[in-house]
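Geometric and topological summary
Now for the letters of each chain:
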Amino acid sequence: MIETQLWRVNPETADLENDLQIKAAAKCLSQGKIVAFPTETVYGLGGNAKFRDSVQKIYEAKGRPSDNPLIVHVATAEQVREICTEINPIAKKLMDAFWPGPLTLVLPSRGEVSDAVTAGLSTVAVRMPSHPVARALILASGLPIAAPSANSSGHPSPTKADHVLHDLYGKIAGIVDGGETGVGVESTVVDCTTTPVTILRPGGVSREQLEEVIGPVADDPGLTRPDQTPKAPGMKYKHYAPEATMYLVPAGESRIQELVAHEKNSDRRVGVLTTEENQKDFPQADVVLTCGRRSDPESVAHSLFAILRAFDAENVDVIYSETFSEAGIGKAVMNRLSKAAAGRVIE
Ligand code: AMP
Ligand code: MG
């Protein structure tokens, strides 16, 4: 066990450039320690990307497989040039349109970051987050910060400091608590070394938004075809999973009602993952949790991971979940839901 400090920062009222909490967290980073901090997507677990020891601490604290590379977080264009050999015109267009923001670009690595960050690949994943606390922390440290999501590997990603405490207390030097994160799902990962560019992980920036700026983009076939290995190593792992066995039910409410009714003959505790519009429809279920409004896909993304964690606290044995349209951010929501359900679908 190590001592885990808690630094509270209110992004709305703090003078972030001079904030003593942020300075304390930045000091830990420059000493090679690892600290969690809020970004606009989920909480990240940061360490000095140039320092192998720090990067290894991240893998250890999360229990993350070492072949799953980390995203490097930067605050300035100069830091990007330090890390990557080449920023091609398409990558430049994407940076101009979506940075700072929930988009990660895979670019050729200059070898400046530790090869533990890139898992030995010749490319490096880079993102400039927009969350004011993340930006202030990276600037104060003066370092490129390697940061995966601040959860134990396999668990739902953290959208609140409490989630980080639950998974990593005693394993990391500290947590900057800047409140709940906004987008709620991780960044979109785009490989800029292919023509056209390839979406390796759907996330906070949608395919439609990308295509408005650069025209047609490709999908990594490994994301959807079980016979192909995903190019983002992280996408092959079981992920985001609640403790209960979860099933996706595309047929919707009446099919879920049937399934819940059927469970009444078993002694299993049954949960339903639904939306505000439908929450009254499952009186027979033991636990009904709502994940935003069906009419507002951003609200679903925002609360998805917190709801998956809430089912753990309710000790349910089985979860039946509604599904969502894959338009816009819905693509990322369905990707996370189907991983949480380990691909289990009931027709
Ligand atoms: P996380 O750090 O948990 O947000 O996950 C980052 C995702 O980006 C994982 O799926 C990684 O496998 C992927 N990733 C990171 N670096 C690279 C890279 N150089 N090439 C391809 N995928 C990467
Ligand atoms: Mg993660």
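Thresholds, definitions, all that
Residues numbered from 1 in each chain as written. Chains lettered and ligands numbered in written order. Predicted model: local features only at pLDDT ≥ 70, side-chain atom pairs only at ≥ 80, totals over all residues. Heavy atoms only, no water. Near = heavy atom within 4 Å. Polar contact = N/O pair within 3.5 Å; in protein donor to acceptor, adjacent residues only side chain to side chain. Helix = DSSP H or I, 4+ residues; strand = E, 2+ residues; numbered from the N terminus. Nonpolar A, V, L, I, M, F, W, Y, C, P; charged D, E, K, R; others polar. Axes fitted to C-alpha atoms, helices over the stretch in contact; angles between N-to-C directions. Parallel < 35°, antiparallel > 145°, perpendicular 65-115°, else oblique. Left-handed = near helix turned anticlockwise from the far one by under 90°. Contact = heavy atoms within 4.5 Å. Core = buried A, V, L, I, M, F, W, Y, C linked by side-chain atoms within 4.5 Å. Buried < 20%, exposed > 50% of the residue type's maximum accessible area, 1.4 Å probe, protein only. Disulfide = S-S within 2.5 Å. Salt bridge = Lys/Arg side-chain N within 4 Å of Asp/Glu carboxyl O. Pairing = 2+ DSSP bridges.

Focus on the site of ligand 1
- Ligand 1 sits among 20 residues. The nearest are Arg64, Asn68, Thr123, Arg201 and Gly234.
- A distance of 3.1 Å separates an oxygen atom of ligand 1 from a polar atom in the side chain of arginine 201.
- Between ligand 1 and the protein, one listed contact pairs an oxygen atom with a backbone N or O atom of proline 233 at 3.1 Å.
- Within the residue set of the shell around ligand 1, elements represented by two or more residues are strand 6 (123–127) and strand 10 (198–201).
- Here the shell around ligand 1 takes 3 residues from strand 6, the largest share from any one element.
- For the shell around ligand 1, the per-class residue count stands at 13 nonpolar, 4 polar and 3 charged.

Digging into the packing of helix 1 (residues 20–30) against helix 5 (residues 132–141)
- Here helix 1 crosses helix 5 at 55°, and the two axes come no closer than 8 Å. Our classification of the angle between helix 1 and helix 5 gives oblique. Handedness of the crossing formed by helix 1 with helix 5: right-handed. Residues Ile22, Ala25, Ala26 and Leu29 of helix 1 lie in contact with helix 5, whose contacting residues are Val133, Ala136, Leu137, Ala140 and Ser141.

Describing the nonpolar core
- Ranked by size, the top nonpolar core spans 44 residues in total, and within it Leu45, Leu94, Leu103, Leu105, Ile172 and Leu210 carry the most contacts.
- Of all the elements in the fold, those that place two or more residues in this core are strand 3 (43–48), helix 2 (52–62), helix 3 (77–83), helix 4 (89–98), strand 5 (103–108), strand 6, helix 6 (161–168) and helix 7 (207–214).
- Apart from the residues lying within four places of it in its own chain, the contact partners of leucine 210 are Leu94, Phe98, Leu103, Thr188, Val190, Ile199, Val205, Gly215 and Val217.
- If you look at the next biggest cluster of nonpolar residues, it comprises 27 residues, including Val300, Leu308, Met334 and Leu337.

Side note on the state of the cysteines
- With the rule as written, the count across this model stands at 0 disulfides.
- Free cysteine cysteine 192: the closest other cysteine sulfur is in cysteine 84, separated by 9.5 Å.

Notes on the pattern of salt bridges
- Overall, the coordinates contain 17 salt bridges when judged by the stated rule.
- One salt bridge connects lysine 92 with aspartate 96, and the closest N-O pair in it is separated by 3.0 Å. With lysine 92 and aspartate 96 both in helix 4 and 4 residues apart, the pair spans about one turn of that helix.
- Look at aspartate 96 and you get exposed, because its relative accessible area is 53%.
- The salt bridge involving arginine 336 is made with glutamate 186; its shortest N-O contact spans 2.8 Å. Of this pair, arginine 336 sits in helix 10 (residues 330–340) while glutamate 186 is found in the loop between strand 8 (174–177) and strand 9 (188–191), placing the two residues 150 residues apart along the sequence.
- Put simply, Arg207, Glu211 and Asp219 are held in one network by salt bridges that share partners.

Overview of the pairing of strand 15 (residues 318–321)
- The alternating pattern of strand 15 places Val318 and Tyr320 and Ile319 and Ser321 on opposite faces, both of which are buried.
- Bridge analysis of strand 13 (residues 270–274) against strand 15 gives 4 bridges, and the strand direction is parallel. From the neighbouring strand, valine 270 faces strand 15, where its bridge partner is valine 318.

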